[in-house]
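# Breakdown of the fold
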Amino acid sequence: MLNENHALIFDFPELKQDIVYLNYKNESFREKSKQYHLLDYDIRQLEIDGSPTDDEHMTQLKLQRAHLKDVLYQQLKQHHDEVIAAS
């Protein structure tokens, strides 16, 4: 779907507290999250502008976004599981 916002909080609402916590306490997560959101924004802007780039470039951007999302999700899931185990 064009111009769909893939913000982590929208895609993983069940992990909202973990997202907020890791953005505040974990510099590595915060930097990857910032990179992810900027990339998502750039992709959405290209879609809004009628994709003034070639298909290969757009595909590469989307693959990069998917990879970052996977990395971030793994960190979120690990943190979430640790919090659950500790309680």
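Our subject is the structure listed above.
In what follows, the accompanying structure is described.

A few words now on the pattern of salt bridges. Oppositely charged side chains may form a pair once their charged atoms are brought near each other. The final tally for this structure, using the stated rule, is five salt bridges. A salt bridge links Asp 11 to Lys 69; the nearest nitrogen and oxygen atoms lie 2.1 Å apart. With Asp 11 in helix H1 (residues 8–11) and Lys 69 in helix H4 (residues 55–86), the pair connects residues that are 58 residues apart, well separated along the chain. Its salt-bridge partner being Arg 65, residue Asp 40 comes within 2.7 Å of it at the nearest N-O pair. On the criterion of sequence distance, the pair formed by Asp 40 in helix H3 (residues 27–48) and Arg 65 in helix H4 is long-range, its members being 25 residues apart. Members of the salt-bridge network, linked through shared partners, are Asp 40, Arg 44 and Arg 65.

Reading the values: rules and limits
- Residues numbered from 1 in each chain as written.
- Predicted model: local features only at pLDDT ≥ 70, side-chain atom pairs only at ≥ 80, totals over all residues.
- Heavy atoms only, no water.
- Salt bridge = Lys/Arg side-chain N within 4 Å of Asp/Glu carboxyl O.
- Helix = DSSP H or I, 4+ residues; strand = E, 2+ residues; numbered from the N terminus.

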